[in-house]
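Structural overview
Residues per chain, in single letters:
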Amino acid sequence: DLPALGIFRGMQMMAVSQDIPLYIDISEEIGIRDRRYVLDRVHVNEDEEPRSKSILGYTHFLGYKQHHQGIRIDYFHKKQNRWPDF
C-alpha cells in the first residue's frame, strides 16, 4: 500500500512492469521532437507552495533530459480499469 512516484524513466519502468507499452522512439512514431541531450530552464510555479522548493531550496534550475520514449497513453486510457491504482 506504499505509494510510488515514477518520473520519466521511472514512470516508463513502472508502466512496462504492468504491461503498458511504450513508444520506442516518440520522434519517429508520433512526431514529437527528440529531447535527448537537451538542458532546459525549469521554473516551478511559486504560487502553489511547491514541494520541490522545500526539498531543493529553489524554484529555478536546469533540467537535463534524455527523452525518446514515452508511455502509450491511448492504450493506457482504453484499458485503465486494469490498473485502478496506477
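Data block above holds the structure.
Here we summarise the structure given alongside this text. In this text, all values refer to a predicted model and were calculated from it rather than measured experimentally.

Scanning all chains against the criterion turns up two aromatic pairs. Arranged with centres 6.4 Å apart and planes meeting at 45 degrees, the rings of Tyr75 and Trp83 form a pair that is tilted. Relative accessible area serves as the criterion here: at 25%, Tyr75 is assigned to the partly exposed category. A relative accessible area of 6% places Trp83 in the buried class. Between Phe76 and Trp83, the aromatic rings sit 5.7 Å apart at their centres with planes inclined by 15 degrees, giving stacked as the arrangement. Taken together through their ring pairs, the aromatic side chains of Tyr75, Phe76 and Trp83 make up a single cluster.

Now for the pattern of salt bridges. It is possible for side chains bearing opposite charge to pair when their charged atoms get close. Tallied over the full model, the rule gives one salt bridge. Note that Arg72 and Glu29 form a salt bridge whose closest N and O atoms lie 2.4 Å from each other. On the criterion of sequence distance, the pair formed by Arg72 in the loop between β4 (70–71) and α4 (73–78) and Glu29 in helix α2 (residues 26–30) is long-range, its members being 43 residues apart. Here Glu29 falls in the partly exposed class, since its relative accessible area comes to 35%.

A few words on the environment of Ile24. Mapped onto the elements, Ile24 comes out in the loop between β1 (22–23) and α2. Separated by 48 residues in the primary sequence, Ile24 and Arg72 have C-alpha atoms spaced 9.7 Å apart. Not counting residues within four places of it along the chain, the set of residues in contact with Ile24 comprises Glu29, His68 and Gln69.

What counts as what
Residues numbered from 1 in each chain as written. Predicted model: local features only at pLDDT ≥ 70, side-chain atom pairs only at ≥ 80, totals over all residues. Heavy atoms only, no water. Phe/Tyr/Trp six-rings, centres within 6.5 Å; stacked < 30°, edge-to-face > 60°. Buried < 20%, exposed > 50% of the residue type's maximum accessible area, 1.4 Å probe, protein only. Salt bridge = Lys/Arg side-chain N within 4 Å of Asp/Glu carboxyl O. Helix = DSSP H or I, 4+ residues; strand = E, 2+ residues; numbered from the N terminus. Contact = heavy atoms within 4.5 Å.

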